[in-house]
Amino acid sequence: MTWVIGIDLGGSKIALGLVSPDDQILNRRRIDTDADEGVESVTDRISAQVDSLKLDLPRRETVAGVGVGAPGLLDPVSGDLYMLVNLPGISNTPFRAILQEKLSLPVKLDHDAKVAALGEFHFGAGRDRDSMIYIVIGTGVGAAIIYEGRLIYGESNSAGESGHMTVDPNGRLCHCGSRGCLETYTSGPALVKAYAAASGETITGAEVTRRAAAGDVVALRVLREAGRALGIAIASIAMTVNIEQFVIGGSVASAGDLLLDPARAAVPKYSFKAVSDRLRITASTLGEDAPIYGAAYLARMLLRNRP
(Lines give C-alpha, C1' and ligand atoms only; values in the text may rest on other atoms or scores of the structure.)
Protein backbone atom coordinates (compact mmCIF):
# COMPACT_ATOMS: atom_id res chain seq x y z
CA MET A 1 0.00 0.00 0.00
CA THR A 2 1.04 3.61 -0.58
CA TRP A 3 0.54 7.13 0.71
CA VAL A 4 -2.28 8.98 -1.05
CA ILE A 5 -4.15 12.27 -0.66
CA GLY A 6 -7.94 12.50 -0.52
CA ILE A 7 -9.62 15.77 -1.49
CA ASP A 8 -13.19 16.90 -0.78
CA LEU A 9 -14.05 19.72 -3.19
CA GLY A 10 -17.05 21.40 -1.60
CA GLY A 11 -19.31 24.33 -2.32
CA SER A 12 -17.61 26.57 0.23
CA LYS A 13 -14.45 24.72 1.33
CA ILE A 14 -11.87 22.26 0.11
CA ALA A 15 -10.64 19.67 2.62
CA LEU A 16 -7.51 17.61 2.00
CA GLY A 17 -6.15 14.65 3.95
CA LEU A 18 -2.84 12.80 3.79
CA VAL A 19 -3.74 9.12 4.15
CA SER A 20 -1.25 6.49 5.28
CA PRO A 21 -0.81 2.97 3.87
CA ASP A 22 -2.91 1.64 6.76
CA ASP A 23 -5.77 4.08 5.97
CA GLN A 24 -5.20 6.62 8.70
CA ILE A 25 -5.41 10.37 8.08
CA LEU A 26 -1.99 11.64 9.14
CA ASN A 27 -2.66 15.32 8.55
CA ARG A 28 -5.16 17.71 6.98
CA ARG A 29 -5.52 21.02 5.24
CA ARG A 30 -8.62 23.15 4.65
CA ILE A 31 -9.08 26.18 2.39
CA ASP A 32 -11.97 28.19 1.00
CA THR A 33 -13.17 27.02 -2.41
CA ASP A 34 -13.63 30.48 -3.98
CA ALA A 35 -14.75 28.81 -7.21
CA ASP A 36 -15.70 32.17 -8.73
CA GLU A 37 -11.98 32.83 -9.15
CA GLY A 38 -11.90 30.12 -11.83
CA VAL A 39 -10.43 26.68 -12.36
CA GLU A 40 -6.80 27.85 -12.62
CA SER A 41 -6.98 29.56 -9.24
CA VAL A 42 -8.72 26.62 -7.56
CA THR A 43 -6.27 24.03 -8.90
CA ASP A 44 -3.27 26.25 -8.07
CA ARG A 45 -4.40 26.51 -4.46
CA ILE A 46 -5.09 22.78 -4.24
CA SER A 47 -1.61 22.10 -5.63
CA ALA A 48 -0.08 24.35 -2.97
CA GLN A 49 -1.89 22.42 -0.22
CA VAL A 50 -0.78 19.07 -1.67
CA ASP A 51 2.81 20.32 -1.61
CA SER A 52 2.31 21.37 1.99
CA LEU A 53 0.97 17.93 2.97
CA LYS A 54 3.97 16.25 1.36
CA LEU A 55 6.13 17.96 3.97
CA ASP A 56 4.33 15.86 6.61
CA LEU A 57 5.38 12.57 5.05
CA PRO A 58 7.76 10.27 6.93
CA ARG A 59 11.30 10.33 5.62
CA ARG A 60 11.79 8.69 2.21
CA GLU A 61 8.04 8.30 1.64
CA THR A 62 6.17 9.82 -1.31
CA VAL A 63 2.58 10.47 -2.35
CA ALA A 64 1.59 8.07 -5.14
CA GLY A 65 -1.82 9.39 -6.15
CA VAL A 66 -4.72 11.72 -5.43
CA GLY A 67 -8.48 11.18 -5.28
CA VAL A 68 -11.05 13.97 -5.55
CA GLY A 69 -14.75 14.14 -4.77
CA ALA A 70 -16.62 16.97 -6.55
CA PRO A 71 -20.28 18.05 -6.47
CA GLY A 72 -22.59 18.09 -9.47
CA LEU A 73 -22.62 16.51 -12.90
CA LEU A 74 -19.28 15.10 -14.06
CA ASP A 75 -17.64 12.34 -16.05
CA PRO A 76 -15.82 9.93 -13.70
CA VAL A 77 -13.82 8.49 -16.61
CA SER A 78 -12.45 11.71 -18.11
CA GLY A 79 -12.66 13.69 -14.88
CA ASP A 80 -14.41 16.58 -16.64
CA LEU A 81 -16.78 18.72 -14.60
CA TYR A 82 -20.09 19.67 -16.25
CA MET A 83 -22.80 21.66 -14.53
CA LEU A 84 -22.02 22.28 -10.86
CA VAL A 85 -25.03 24.23 -9.61
CA ASN A 86 -23.23 25.44 -6.49
CA LEU A 87 -19.83 25.98 -8.20
CA PRO A 88 -20.47 27.69 -11.55
CA GLY A 89 -16.95 29.14 -11.64
CA ILE A 90 -15.42 25.73 -12.33
CA SER A 91 -18.28 24.18 -14.32
CA ASN A 92 -17.58 22.77 -17.79
CA THR A 93 -13.85 22.32 -17.27
CA PRO A 94 -11.40 19.39 -17.65
CA PHE A 95 -10.72 19.64 -13.92
CA ARG A 96 -8.92 16.32 -13.42
CA ALA A 97 -6.58 16.88 -16.36
CA ILE A 98 -5.67 20.38 -15.18
CA LEU A 99 -5.04 19.24 -11.60
CA GLN A 100 -3.11 16.15 -12.67
CA GLU A 101 -0.77 18.25 -14.81
CA LYS A 102 -0.10 20.65 -11.95
CA LEU A 103 0.49 17.89 -9.40
CA SER A 104 2.47 15.56 -11.69
CA LEU A 105 0.56 12.76 -9.96
CA PRO A 106 -2.21 10.40 -11.11
CA VAL A 107 -5.62 11.82 -10.15
CA LYS A 108 -9.02 10.12 -10.01
CA LEU A 109 -12.18 12.23 -9.72
CA ASP A 110 -15.76 11.24 -8.96
CA HIS A 111 -19.00 12.67 -7.60
CA ASP A 112 -18.66 13.80 -3.98
CA ALA A 113 -21.59 11.74 -2.71
CA LYS A 114 -20.22 8.61 -4.37
CA VAL A 115 -16.79 9.29 -2.93
CA ALA A 116 -18.14 9.81 0.60
CA ALA A 117 -20.25 6.67 0.17
CA LEU A 118 -17.11 4.69 -0.61
CA GLY A 119 -15.57 6.01 2.59
CA GLU A 120 -18.57 5.01 4.72
CA PHE A 121 -18.98 1.67 2.95
CA HIS A 122 -15.38 0.54 3.36
CA PHE A 123 -14.38 2.27 6.61
CA GLY A 124 -17.51 3.56 8.36
CA ALA A 125 -21.21 2.91 8.96
CA GLY A 126 -21.62 0.54 6.00
CA ARG A 127 -18.53 -1.60 6.39
CA ASP A 128 -20.55 -4.66 7.45
CA ARG A 129 -23.12 -4.34 4.66
CA ASP A 130 -23.25 -5.65 1.10
CA SER A 131 -25.39 -2.74 -0.13
CA MET A 132 -26.00 0.80 1.08
CA ILE A 133 -27.50 4.16 0.15
CA TYR A 134 -25.56 7.23 1.25
CA ILE A 135 -27.23 10.65 1.36
CA VAL A 136 -25.06 13.70 1.98
CA ILE A 137 -26.72 16.93 3.13
CA GLY A 138 -24.75 20.16 3.19
CA THR A 139 -24.77 23.15 0.84
CA GLY A 140 -26.64 20.80 -1.50
CA VAL A 141 -28.01 17.28 -1.29
CA GLY A 142 -26.62 14.26 -3.11
CA ALA A 143 -26.70 10.50 -2.81
CA ALA A 144 -24.92 7.36 -3.91
CA ILE A 145 -26.10 3.81 -4.40
CA ILE A 146 -23.82 0.87 -3.61
CA TYR A 147 -25.26 -2.49 -4.59
CA GLU A 148 -23.37 -5.66 -3.73
CA GLY A 149 -20.20 -3.65 -3.25
CA ARG A 150 -20.39 -1.70 -6.52
CA LEU A 151 -21.31 1.91 -7.14
CA ILE A 152 -24.30 2.38 -9.43
CA TYR A 153 -23.74 5.21 -11.92
CA GLY A 154 -26.73 5.01 -14.24
CA GLU A 155 -26.54 5.44 -17.99
CA SER A 156 -25.32 9.04 -17.89
CA ASN A 157 -23.48 8.99 -14.53
CA SER A 158 -26.29 10.84 -12.72
CA ALA A 159 -27.67 8.07 -10.50
CA GLY A 160 -28.09 9.41 -6.99
CA GLU A 161 -29.15 13.00 -7.72
CA SER A 162 -31.66 12.74 -4.91
CA GLY A 163 -31.35 16.40 -3.99
CA HIS A 164 -33.59 17.13 -6.94
CA MET A 165 -36.17 14.46 -6.25
CA THR A 166 -39.58 16.08 -5.91
CA VAL A 167 -41.01 15.66 -2.42
CA ASP A 168 -43.77 18.26 -2.93
CA PRO A 169 -44.80 19.21 -6.49
CA ASN A 170 -46.33 22.44 -5.15
CA GLY A 171 -43.39 23.18 -2.89
CA ARG A 172 -40.56 25.67 -2.80
CA LEU A 173 -38.88 26.88 -5.99
CA CYS A 174 -35.46 25.29 -6.46
CA HIS A 175 -32.51 26.92 -8.23
CA CYS A 176 -32.58 23.96 -10.65
CA GLY A 177 -35.90 25.34 -11.96
CA SER A 178 -38.18 22.72 -10.44
CA ARG A 179 -40.39 22.92 -7.35
CA GLY A 180 -40.41 20.96 -4.13
CA CYS A 181 -36.96 19.38 -4.51
CA LEU A 182 -35.57 17.63 -1.45
CA GLU A 183 -32.73 20.16 -1.44
CA THR A 184 -35.18 23.02 -0.86
CA TYR A 185 -36.12 21.47 2.50
CA THR A 186 -33.04 19.75 3.90
CA SER A 187 -29.91 21.56 2.73
CA GLY A 188 -28.08 24.03 4.96
CA PRO A 189 -29.29 27.06 2.96
CA ALA A 190 -32.85 25.65 3.10
CA LEU A 191 -32.71 25.53 6.90
CA VAL A 192 -31.53 29.15 6.95
CA LYS A 193 -34.36 30.29 4.66
CA ALA A 194 -37.03 28.35 6.55
CA TYR A 195 -35.92 29.70 9.92
CA ALA A 196 -35.79 33.27 8.60
CA ALA A 197 -39.25 32.93 7.04
CA ALA A 198 -40.73 31.69 10.32
CA SER A 199 -38.90 33.98 12.75
CA GLY A 200 -37.67 36.99 10.79
CA GLU A 201 -34.13 36.23 12.00
CA THR A 202 -31.35 35.07 9.69
CA ILE A 203 -28.92 32.63 11.30
CA THR A 204 -26.65 29.89 10.00
CA GLY A 205 -27.76 26.31 9.43
CA ALA A 206 -25.44 25.21 12.23
CA GLU A 207 -27.12 27.68 14.56
CA VAL A 208 -30.53 26.30 13.60
CA THR A 209 -29.30 22.90 14.78
CA ARG A 210 -27.86 24.33 18.00
CA ARG A 211 -31.09 26.14 18.80
CA ALA A 212 -33.16 23.06 18.08
CA ALA A 213 -31.00 21.07 20.50
CA ALA A 214 -31.66 23.78 23.10
CA GLY A 215 -35.42 23.51 22.56
CA ASP A 216 -36.08 26.46 20.23
CA VAL A 217 -39.60 25.82 18.92
CA VAL A 218 -39.02 27.35 15.48
CA ALA A 219 -35.74 25.49 14.94
CA LEU A 220 -37.35 22.22 15.98
CA ARG A 221 -40.18 22.79 13.50
CA VAL A 222 -37.70 23.55 10.71
CA LEU A 223 -35.78 20.32 11.38
CA ARG A 224 -38.98 18.29 11.62
CA GLU A 225 -40.04 19.59 8.22
CA ALA A 226 -36.61 18.82 6.79
CA GLY A 227 -36.67 15.34 8.30
CA ARG A 228 -40.11 14.61 6.93
CA ALA A 229 -38.98 15.60 3.42
CA LEU A 230 -35.92 13.38 3.83
CA GLY A 231 -38.14 10.48 4.91
CA ILE A 232 -40.38 10.88 1.86
CA ALA A 233 -37.32 10.75 -0.41
CA ILE A 234 -35.87 7.74 1.41
CA ALA A 235 -39.19 5.88 1.15
CA SER A 236 -39.27 6.48 -2.60
CA ILE A 237 -35.68 5.34 -3.06
CA ALA A 238 -36.21 2.26 -0.90
CA MET A 239 -39.34 1.28 -2.81
CA THR A 240 -37.41 1.59 -6.07
CA VAL A 241 -34.12 -0.18 -5.29
CA ASN A 242 -35.00 -2.22 -2.16
CA ILE A 243 -31.79 -1.42 -0.30
CA GLU A 244 -32.23 -1.40 3.47
CA GLN A 245 -29.28 0.56 4.89
CA PHE A 246 -29.35 4.36 4.55
CA VAL A 247 -26.44 6.39 5.91
CA ILE A 248 -26.88 10.15 6.26
CA GLY A 249 -23.81 12.37 6.15
CA GLY A 250 -22.82 15.99 5.56
CA SER A 251 -22.92 19.04 7.81
CA VAL A 252 -26.71 19.03 8.29
CA ALA A 253 -26.56 15.42 9.50
CA SER A 254 -24.89 16.76 12.66
CA ALA A 255 -28.45 17.43 13.82
CA GLY A 256 -28.63 13.68 14.47
CA ASP A 257 -31.98 12.34 15.67
CA LEU A 258 -33.56 15.81 15.53
CA LEU A 259 -33.44 15.30 11.75
CA LEU A 260 -33.43 11.52 11.50
CA ASP A 261 -36.33 10.71 13.82
CA PRO A 262 -38.84 12.67 11.67
CA ALA A 263 -37.39 10.91 8.63
CA ARG A 264 -37.83 7.51 10.27
CA ALA A 265 -41.39 8.43 11.20
CA ALA A 266 -42.23 9.47 7.62
CA VAL A 267 -40.88 6.37 5.87
CA PRO A 268 -43.74 3.97 6.86
CA LYS A 269 -46.29 6.48 5.57
CA TYR A 270 -44.81 6.44 2.07
CA SER A 271 -43.63 2.85 1.58
CA PHE A 272 -44.79 -0.73 1.98
CA LYS A 273 -44.56 -2.16 5.49
CA ALA A 274 -42.37 -4.98 4.18
CA VAL A 275 -39.87 -2.33 3.07
CA SER A 276 -40.11 0.12 5.97
CA ASP A 277 -39.85 -2.59 8.65
CA ARG A 278 -36.41 -3.61 7.41
CA LEU A 279 -35.09 -0.16 6.55
CA ARG A 280 -32.45 1.43 8.77
CA ILE A 281 -31.49 5.12 8.76
CA THR A 282 -28.24 5.88 10.58
CA ALA A 283 -25.86 8.81 10.79
CA SER A 284 -22.42 8.73 9.26
CA THR A 285 -19.70 7.46 11.59
CA LEU A 286 -16.89 9.16 9.67
CA GLY A 287 -18.51 12.60 9.52
CA GLU A 288 -16.49 15.13 7.51
CA ASP A 289 -13.76 12.54 6.99
CA ALA A 290 -15.94 10.30 4.82
CA PRO A 291 -15.08 12.11 1.55
CA ILE A 292 -11.37 12.07 2.37
CA TYR A 293 -11.39 8.33 3.10
CA GLY A 294 -13.45 7.68 -0.03
CA ALA A 295 -11.18 9.82 -2.21
CA ALA A 296 -8.16 7.99 -0.81
CA TYR A 297 -9.86 4.71 -1.72
CA LEU A 298 -10.41 6.05 -5.25
CA ALA A 299 -6.72 6.90 -5.53
CA ARG A 300 -5.72 3.42 -4.37
CA MET A 301 -8.03 1.74 -6.89
CA LEU A 302 -6.60 3.95 -9.64
CA LEU A 303 -3.06 2.95 -8.73
CA ARG A 304 -4.01 -0.70 -8.44
CA ASN A 305 -5.55 -0.72 -11.94
CA ARG A 306 -2.76 1.19 -13.68
CA PRO A 307 -0.67 -0.93 -16.09
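It should be noted that the structure appears before, not after, this text.
Analysis parameters
Residues numbered from 1 in each chain as written. Predicted model: local features only at pLDDT ≥ 70, side-chain atom pairs only at ≥ 80, totals over all residues. Heavy atoms only, no water. Pairing = 2+ DSSP bridges. Helix = DSSP H or I, 4+ residues; strand = E, 2+ residues; numbered from the N terminus. Axes fitted to C-alpha atoms, helices over the stretch in contact; angles between N-to-C directions. Contact = heavy atoms within 4.5 Å. Buried < 20%, exposed > 50% of the residue type's maximum accessible area, 1.4 Å probe, protein only. Arc of directions from axis to C-beta.

## Looking at the sheet that holds strand S3 (residues 25–32)
Taken in spatial order, the five strands line up as S3-S2-S1-S4-S5 in an open sheet, and their pairing is mixed. Two strands bound the open sheet, and with one partner strand each, they are S3 and strand S5 (107–111). With direction set aside, neighbouring strand axes in the sheet form an average angle of 15°. Relative to S5, strand S4 (residues 63–70) runs parallel, the two sharing five bridges. Bridge pairing in S5 links Gly67 to Lys108. Its contacts with the sheet place helix H2 (residues 95–103) against strand S1 (3–9), S4 and S5, and it is angled at close to 150° to S5. Against the sheet, helix H3 (residues 112–123) makes contact with S4 and S5, and its axis sits at roughly 105° relative to S5, the strand it touches most.

## Notes on helix H6 (residues 205–213)
Every buried residue of H6 is accounted for by Gly205, Val208, Thr209 and Ala212. An end-on view of H6 places all buried positions within 95° of arc, on one side of the element. Where the residues of H6 are buried, they touch helix H5 (188–199), helix H7 (217–241) and helix H8 (257–266).

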